[in-house]
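# Architecture at a glance
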Amino acid sequence: MLLAQITDLHIKKPGLLAYKKVDTTKYLHACVDKLNRLSPRPDALIITGDLTDFGVIEEYQALRLELERLQMPFYLAVGNHDHRDTLRQAFPDHTYLGVDGFVQYTLDFEKLSLIVLDSQDLPNSGGRLCEQRLQWLAEQLQAQRGKPTIIAMHHPPFLCGVEHMDKQSLNRDDAHQLEELLRNYENIERLICGHVHRGVMTRFAHSIASICPSPAHQVAYDLNPNGPSAFVMEPPAFHVHANIDKNWVTHTVYVEDYGGHYPFYDAQGKLID
């Protein structure tokens with residue numbers, strides 16, 4: 001089982017750049033090409049929110065044109081930049097999105113259950129998991145007890161040290177309630193998130209919580225208190241969560257090609273020095 005994850009696409013209306021600098025559609029195009037070239041190809045792709053920049057229909061239509069090129073099933077989650085109803089309007093065939101309310105669903109694969117949470121709290125940039133959403137999660141976890149499970153959501157439930165992003169992470173009380181709930185389950189393999197535009201991971205309950213990089217711009221690494229809010233054009237990347245010998249491992253895969261594959265050994269089996 002291979003589950004790919006991309007996040008924070010921030011697709012704009014055709015011809016517009018994010019922050020007047022980043023052609024996010026061009027970056028997504030390259031990311032889709034890379035995903036399609038992967039061998040073995042992922043069984044599915046989860047996209048953990050901020051699909052568009054302003055949540056308008058023209059952005060979702062541009063997003064759909066790119067995602068339809070994917071040669072694998074893909075599933076959508078909402079972030080703080082998204083609009084639930086407009087997303088459903090643009091992807092009416094994605095019936096798992098529901099018809100109203102929170103965008104939450106469970107996918108049952110042969111070797112994995114994927115539970116997707118809605119942490120949106122508009123008009124705030126930060127996230128919430130209200131009592132209704134946590135109760136829904138508790139019901140899903142009980143139904144999937146004992147089966148390897150990955151939980152996907154947009155906002156990370158932990159602080160990463162980048163202060164301006166931590167100020168808009170998941171509400172701290174909600175994060176504590178989530179952690180207490182997950183302590184009751186040892187089958188949670190990963191809690192995967194987006195929002196921060198950086199690769200970050202930590203221990204959370206009995207599992208590992210991780211943040212996936214963006215296929216476009218990254219948030220600048222700066223752990224100083226009151227560090228500036230800024231982005232950098234570090235290499236675009238995504239995650240692949242893989243079941244290897246009964247264990248789940250996570251690989252960071254870079255979109256760009258940096259040369260190779262260069263052999264370590266020559267045709268006679270001698271190490272090349």
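Relevant structure appears above.
Because the structure is a prediction, the values reported are computed rather than measured.

Thresholds, definitions, all that
Residues numbered from 1 in each chain as written. Predicted model: local features only at pLDDT ≥ 70, side-chain atom pairs only at ≥ 80, totals over all residues. Heavy atoms only, no water. Helix = DSSP H or I, 4+ residues; strand = E, 2+ residues; numbered from the N terminus. Rg over C-alpha atoms; globule rule 2.2 N^0.38 Å. Buried < 20%, exposed > 50% of the residue type's maximum accessible area, 1.4 Å probe, protein only. Contact = heavy atoms within 4.5 Å. Pairing = 2+ DSSP bridges. Axes fitted to C-alpha atoms, helices over the stretch in contact; angles between N-to-C directions. Salt bridge = Lys/Arg side-chain N within 4 Å of Asp/Glu carboxyl O. Core = buried A, V, L, I, M, F, W, Y, C linked by side-chain atoms within 4.5 Å. Parallel < 35°, antiparallel > 145°, perpendicular 65-115°, else oblique. Left-handed = near helix turned anticlockwise from the far one by under 90°. Nonpolar A, V, L, I, M, F, W, Y, C, P; charged D, E, K, R; others polar. Expected span 1.5 Å × (residues − 1). Arc of directions from axis to C-beta.

## Quick look at the overall build of the protein chain
Looking only at helices and strands, the protein chain features six helices and 13 strands. Its C-alpha atoms give the protein chain a radius of gyration of 19 Å, within 12% of the compact-globule value 19 Å for 273 residues. Out of the 273 residues belonging to the protein chain, those deemed buried represent 54%. In the protein chain, of all internal contacts separated by at least 6 residues, the share reaching a separation of at least 24 is 65%.

## Concerning the sheet that holds strand β6 (residues 149–152)
Read from one edge to the other, the open sheet built from six strands follows the order β4-β5-β6-β7-β9-β8, with strand pairing classed as mixed. Strand pairing shows two members of the sheet lacking a second neighbour, β4 (105–108) and β8 (200–204), which therefore form its edges. Pairs of neighbouring strands in the sheet enclose a mean axial angle of 20°, with direction left out of account. With four bridges joining them, β4 and strand β5 (residues 113–116) adopt antiparallel strand pairing. Paired with tyrosine 105 across the strands is valine 116, a residue of β5. The strands touched by helix α4 (residues 131–143) within the sheet are β4, β5, β6 and β7 (188–193), with β5 carrying the most contacts at an inclination of about 175°. Relative to β8, helix α6 (residues 172–182) is tilted by about 60°, and along the sheet it contacts β6, β7 and β8.

## Description of the pattern of salt bridges
Enumeration over the complete set of coordinates arrives at 14 salt bridges. The residue aspartate 93 makes a salt bridge to arginine 64 at a minimum N-O spacing of 2.8 Å. Taken together, the residues aspartate 93 in the loop between α3 (84–90) and β4 and arginine 64 in helix α2 (residues 57–67) connect sequence positions 29 residues apart. Judged by relative accessible area, arginine 64 falls into the buried class, the value being 19%.

## Digging into the nonpolar core
Counting residues in hydrophobic clusters, the biggest one holds 50 residues, and the most contacted among them are Leu35, Leu76, Phe91 and Phe238. Apart from residues no more than four positions distant in its own chain, leucine 76 is found in contact with Ile47, Leu51, Leu67, Leu87, Phe91, His94, Tyr96, Leu97, Val103 and Tyr105. Ranked by size, the runner-up nonpolar core spans 29 residues in total, among them Val162, Leu191, Phe204 and Ala205.

## Re the packing of helix α1 (residues 24–37) against α2
Viewed as axis vectors pointing N to C, α1 and α2 meet at an angle of 25°, and their least axial separation amounts to 9 Å. Regarding the angle of α1 to α2, the classification is roughly parallel. The two elements α1 and α2 meet at a crossing, and its hand is right-handed. Counted together, Thr25, Leu28, His29 and Val32 of α1 and Leu63, Glu66 and Leu67 of α2 form the full contact between these two elements. Considering only residue class, the contact of α1 with α2 consists of four nonpolar, two polar and one charged.

## As for the environment of proline 14
Here proline 14 shows up in the loop between β1 (2–6) and α1. For the pair formed by proline 14 and leucine 35, sequence separation is 21 residues and the distance between their alpha carbons is 23 Å. With residues up to four places along the chain from it excluded, the contact list for proline 14 reads Glu58 and Ala62.

## Details of α4
Helix length check: α4, at 13 residues, gives a terminal C-alpha distance of 18 Å against a target of 18 Å (1.5 Å per residue), a fit within 8%. For α4, every residue scored as buried is listed here: Arg133, Leu134, Trp136, Leu137, Gln140 and Leu141. Projection of α4 onto a plane perpendicular to its axis shows the buried side chains occupying an angular sector of 155°, all on one side. The exposed residues of α4 that point more than 90 degrees off its buried face are Glu131, Gln132 and Ala143. Elements in contact with the buried residues of α4: α3, β4, β5, β6, α6 and β7.

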